[in-house]
Amino acid sequence: QQQVKQSPQSLIVQKGGISIINCAYENTAFDYFPWYQQFPGKGPALLIAIRPDVSEKKEGRFTISFNKSAKQFSLHIMDSQPGDSATYFCAASMEYGNKLVFGAGTILRVKS
Amino acid sequence: GAVVSQHPSRVICKSGTSVKIECRSLDFQATTMFWYRQFPKQSLMLMATSNEGSKATYEQGVEKDKFLINHASLTLSTLTVTSAHPEDSSFYICSAGYNGLAVEDTQYFGPGTRLTVL
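Residues numbered from 1 in each chain as written. Chains lettered and ligands numbered in written order. Predicted model: local features only at pLDDT ≥ 70, side-chain atom pairs only at ≥ 80, totals over all residues. Heavy atoms only, no water.

Trainee: Quick question: what am I supposed to make of the overall build of chain A here?
Mentor: Within chain A, the regular secondary structure consists of zero helices and eleven strands. Each helix (α) and strand (β) of chain A, taken in turn from the N terminus, gives the series β-β-β-β-β-β-β-β-β-β-β. For a compact globule of 112 residues, the expected C-alpha radius of gyration is about 13 Å, and chain A comes in at 13 Å, within 12% of that figure. Based on the C-alpha atoms only, the size of chain A along its principal axes is roughly 40 × 30 × 20 Å. Burial analysis of chain A (112 residues in total) assigns 46% to the buried set. Considering only residue pairs separated by 6 or more positions, chain A has 54% of its internal contacts joining residues 24 or more positions apart. Counting every atom, chain A has about 5,600 Å² of accessible surface; 50% of that belongs to carbon and sulfur. Each charge class in chain A was averaged separately, 12 positive and 8 negative side chains, and the resulting centres sit 8 Å apart. (Helix = DSSP H or I, 4+ residues; strand = E, 2+ residues; numbered from the N terminus. Rg over C-alpha atoms; globule rule 2.2 N^0.38 Å. Buried < 20%, exposed > 50% of the residue type's maximum accessible area, 1.4 Å probe, protein only. Contact = heavy atoms within 4.5 Å. Areas by Shrake-Rupley, 256 points an atom, 1.4 Å probe, with all protein chains shown as cover. Lys, Arg positive; Asp, Glu negative; His and termini not counted. Charge placed at Lys NZ, Arg CZ, Asp CG, Glu CD.)

Trainee: Got a minute to help me understand the overall build of chain B in this structure?
Mentor: Within chain B, the secondary structure is distributed over zero helices and eleven strands. Counting helices and strands in the order they occur from the N terminus, chain B gives β-β-β-β-β-β-β-β-β-β-β. What you see for chain B is a C-alpha radius of gyration of 14 Å, in line with the 13 Å of a compact globule of 118 residues. Classification of the 118 residues of chain B by burial places 50% in the buried group. Here the analysis covers contacts within chain B between residues at least 6 apart in sequence; of these, 55% occur between residues at least 24 apart. Distance from the positive charge centre (10 side chains) to the negative charge centre (10 side chains) of chain B: 9 Å.

Trainee: For this particular structure, what's the right way to read the sheet that holds strand β3 (residues 19–25) of chain A?
Mentor: Within a sheet, adjacent strands bond to each other through the backbone by hydrogen bonds, running parallel or antiparallel. Residue and element names in this part refer to chain A. The five strands lie next to each other as β1-β3-β8-β7-β6, forming an open sheet whose pairing is antiparallel. Edge positions in the sheet fall to β1 (4–7) and β6 (56–59), since each has one partner strand and no second. Pairwise comparison of adjacent strand axes, ignoring direction, gives a mean angle of 15° for this sheet. In this sheet, β3 lies alongside β1 in antiparallel orientation, the contact comprising four bridges. Residue Val4 lies in a different strand from β3, and its bridge partner there is Tyr25. (Pairing = 2+ DSSP bridges. Axes fitted to C-alpha atoms, helices over the stretch in contact; angles between N-to-C directions.)

Trainee: What should I look at first to understand the pattern of salt bridges in this one?
Mentor: Opposite charge on two side chains makes pairing possible when the charged atoms of those side chains draw close. Residues and elements named next belong to chain A. A full pass over the atoms with the stated rule returns seven salt bridges over all chains. In this structure, Arg51 engages Asp31 in a salt bridge whose closest nitrogen and oxygen atoms are separated by 3.7 Å. In this pair, Arg51 is assigned in the loop between β5 (45–50) and β6 and Asp31 in the loop between β3 and β4 (33–38), connecting sequence segments 20 residues apart. Accessibility expressed as a relative area gives 17% for Arg51, which makes it buried. With a shortest N-O distance of 2.8 Å, Asp84 and Arg61 are connected by a salt bridge. (Salt bridge = Lys/Arg side-chain N within 4 Å of Asp/Glu carboxyl O.)

Trainee: Please clarify how the packing of aromatic side chains should be interpreted in this entry.
Mentor: Two numbers describe a pair of aromatic rings. These are the distance of the centres and the angle of the planes. Residue and element names in this part refer to chain A. Applying the stated criterion across every chain, the model contains 16 aromatic pairs over all chains. For the ring pair Phe33 and Phe73, a centre distance of 5.0 Å and an interplane angle of 55° mean the geometry is tilted. Of this pair, Phe33 sits in strand β4 while Phe73 sits in strand β8 (residues 72–77); the two residues are 40 residues apart in sequence, bridging distant segments of the chain. Each member of the pair Phe33 and Phe73 is classed as buried. Aromatic ring contacts, followed pair by pair, group Tyr25, Phe30, Phe33, Trp35, Phe66 and Phe73 into a single cluster. (Phe/Tyr/Trp six-rings, centres within 6.5 Å; stacked < 30°, edge-to-face > 60°.)

Trainee: Just checking my understanding: could you explain the pairing of β3 of chain A for this structure?
Mentor: Residues and elements named next belong to chain A. Alternating residues of β3 divide into Ser19, Ile21, Cys23 and Tyr25, all buried, and Ile20, Asn22 and Ala24, none buried. By the bridge criterion, six bridges tie β3 to β8 in an arrangement that is antiparallel. Each bridged residue has a counterpart across the sheet, and for Ala24 the counterpart in β8 is Gln72.

Trainee: How should I be thinking about the state of the cysteines in this particular structure?
Mentor: Structurally, a disulfide amounts to a covalent bond that connects the sulfur atoms of two cysteines. A complete count under the given rule lists two disulfides over all chains for this structure. Paired by a disulfide, Cys23 of chain A and Cys90 of chain A hold their sulfur atoms 1.9 Å apart. Measuring handedness by torsion sign, the sulfur bridge of Cys23 of chain A and Cys90 of chain A sits at about -95° and is left-handed. With Cys23 of chain A in strand β3 and Cys90 of chain A in strand β9 (residues 86–93), this pair connects stretches of sequence that are 67 residues apart. Disulfide pairing places Cys23 of chain B opposite Cys94 of chain B at an S-S distance of 2.0 Å. The sign of the 80° torsion about the S-S bond sets the Cys23 of chain B-Cys94 of chain B disulfide as right-handed. Note that Cys23 of chain B is positioned in strand β3 (residues 19–25) and Cys94 of chain B in strand β9 (residues 90–97), a separation of 71 residues in sequence. Here Cys13 of chain B is not cross-linked by a disulfide; its sulfur's nearest cysteine counterpart is in Cys94 of chain B, at 18 Å. (Disulfide = S-S within 2.5 Å.)

Encoded structure:
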């Protein structure tokens, strides 16, 4: 019940295209859903995060869509660029303790 | 945003030796620090959670006598890998958080430490 399932494992998108990564969770006590971007040899960096009281959040080219009833959330990267090529992790936590449960990660490659 | 540093960034050691990794919050006081381990092409696995001045809480399956965590101050936590063996070779990442962080940013991650045990 603590798992966060992420798909796909890898994704290749043409420059300018839309990258979509999906995550699903079981634990309804989760109330914070961040997405992290990680480049090789670096620590993860927060991209965007959402709470369950909203269904969508947009920051620049990045959008989170959240479906509370389906217990799913997704990351959309609009106008994908080669510099977006990285590994993306979804995560979830309960507010108390802020312990994050990470998805397995998606390796994104944007072809120029 | 808040900055978390780790030292060293890379360490190579011989089997049987102990290695200490430092995690510092540079511009905020971290009430909680987390230690993760990441194998190549895999996700982050939480090893332990530490609160300043108290014993760390280890995740199931993590040997507390092998991975010693000390959170002596609000800006510093250390992870010591004792009697390291080649299977301990991994990327170790810390994160820091505190009550009062913005809603969208509950943890700040360090840049990671690459440990190689020969």
